[in-house]
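If you want the building blocks of each chain, they are given just below.
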Amino acid sequence: MQASRSSSGFSLIEVLVALFVIAIGVLGAVALQTRAVQAALESSQRSQALLLAEDMVDRIKNNRKFASCYSGDDYLGVGAVVAAAGCSVMADVDRVAWDEALKGAAETQSDGSKSGAMVEARGCVVDAGGGNFRVSVAWKGVAKLQSAGVKDGCAAGEYEHEDYRRVISVSLRITNLT
């Protein structure tokens, strides 16, 4: 009669299956971390855009008599050349300052490049009539979004694909106090 041998330890197949399961788990964790970093960057850019939009709203409020001087068919920021509106020196100075802020003048690298704003930031001020204005800031997101499309026309067509374009808008109403 032959005695049966009891097996102890793990077989090679069991070890390979365990390594495969662990590798899949690690890849999932890396993908999750990548998405978390992208979401944090998008959130940071959205906060920066809101601050820049509110900055222009405050500038318009401080020069309410010449509020229409801030609007135009053009945009400010990356790729823009600021032209003087000619109706208010303060509005022209504010437009130049906002243009520089959109281009990242808040932070300058050692090589002189500006990095204090969102990626490819552009800003628009639209006079909707009746004392109503819309201040918008557009920028390039880090990933495509499957969205119904951004309705705001600020910097439309300026990015490689519309699914990369992000826009935040702030409405403003200037009342006549006289």
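1. A closer look at the sheet that holds strand β2 (residues 122-129)
So, step 1. Judged by pairing direction, the sheet is antiparallel, and its four strands sit side by side in the order β1-β2-β3-β4 without closing on themselves. Only two strands of the sheet have a single partner each, and these edge strands are β1 (76-77) and β4 (165-173).
So, step 2. Bridge count for strand β3 (residues 132-140) against β4 is nine bridges, and the pairing is antiparallel. Each bridged residue has a counterpart across the sheet, and for R134 the counterpart in β4 is S171.

2. As for the side chain of Q45
So, step 1. Positionally, Q45 belongs in helix α1 (residues 12-62).
So, step 2. The class for Q45 is buried, based on a relative accessible area of 6%.

3. Looking at the packing of α1 against helix α2 (residues 89-102)
So, step 1. Interhelical geometry of α1 versus α2 gives an angle of 175 degrees and a closest axis separation of 11 Å. By the angle between their directions, the pair α1 and α2 is classed as roughly antiparallel. Between α1 and α2, the residues in contact are L52, D55, M56, R59 and N62 and M90, D94, R95, A97, W98, A101 and L102, respectively.
So, step 2. Residues belonging to the contact of α1 with α2 are distributed by class as follows: seven nonpolar, one polar and four charged.

4. Let's talk about the packing of aromatic side chains
So, step 1. Applying the stated criterion across every chain, the model contains zero aromatic pairs.
So, step 2. Stacked on the ring of Y164, the Lys or Arg K140 has its end atom at 5.7 Å from the ring centre.

5. What to know about the confidence of the model for the protein
So, step 1. Mean pLDDT over the protein works out to 84, with 87% of the residues at or above the 70 mark.
So, step 2. Confidence, read as mean pLDDT per element, is least for β1 in the protein (82) and greatest for α1 (93).

6. So, the pairing of β3
Along a regular strand, successive side chains alternate from one face of the sheet to the other.
So, step 1. With seven of nine residues buried, β3 lies mostly within the body of the structure.
So, step 2. Sheet analysis places β2 next to β3, joined by seven bridges and oriented antiparallel. Counterpart to V125 in the pairing with β3 is V135.
So, step 3. Between the end of β2 and the start of β3, which pair antiparallel, lie two residues, with G130 showing a positive phi angle near 65 degrees.

7. Observations concerning the pattern of salt bridges
So, step 1. Throughout the structure, instances matching the rule amount to six salt bridges.
So, step 2. With a shortest N-O distance of 3.8 Å, R122 and E120 are connected by a salt bridge.
So, step 3. Judged by its relative accessible area of 29%, E120 falls in the partly exposed class.
So, step 4. One connected set of salt bridges, linked through shared partners, spans D55, R59 and D94.

8. Structural notes on α2
So, step 1. Between its terminal C-alpha atoms α2 stretches 20 Å, which fits the 20 Å expected from 14 residues at 1.5 Å a residue.
So, step 2. Taken together, the buried positions of α2 are occupied by A91, D92, D94, R95, W98, D99 and L102. The arc that holds every buried residue of α2, seen down its axis, measures 160 degrees, which confines them to one face. Exposed and oriented more than 90 degrees from the buried face of α2 are V89 and V93.
So, step 3. Check the buried side of α2 and you find it contacts α1, β1, β2 and β3.
So, step 4. The backbone nitrogen of M90 lies 3.4 Å from a side-chain oxygen of the residue at the head of α2, namely S88.
So, step 5. Remark: G104 follows α2 within two positions and exhibits a positive phi of approximately 95 degrees.

Each value, and the rule that gives it
- Residues numbered from 1 in each chain as written.
- Predicted model: local features only at pLDDT ≥ 70, side-chain atom pairs only at ≥ 80, totals over all residues.
- Heavy atoms only, no water.
- Pairing = 2+ DSSP bridges.
- Helix = DSSP H or I, 4+ residues; strand = E, 2+ residues; numbered from the N terminus.
- Buried < 20%, exposed > 50% of the residue type's maximum accessible area, 1.4 Å probe, protein only.
- Axes fitted to C-alpha atoms, helices over the stretch in contact; angles between N-to-C directions.
- Parallel < 35°, antiparallel > 145°, perpendicular 65-115°, else oblique.
- Contact = heavy atoms within 4.5 Å.
- Nonpolar A, V, L, I, M, F, W, Y, C, P; charged D, E, K, R; others polar.
- Phe/Tyr/Trp six-rings, centres within 6.5 Å; stacked < 30°, edge-to-face > 60°.
- Lys NZ or Arg CZ within 6 Å of the ring centre and 35° of its normal.
- pLDDT = per-residue confidence, 0-100.
- Salt bridge = Lys/Arg side-chain N within 4 Å of Asp/Glu carboxyl O.
- Expected span 1.5 Å × (residues − 1).
- Arc of directions from axis to C-beta.
- Polar contact = N/O pair within 3.5 Å; in protein donor to acceptor, adjacent residues only side chain to side chain.

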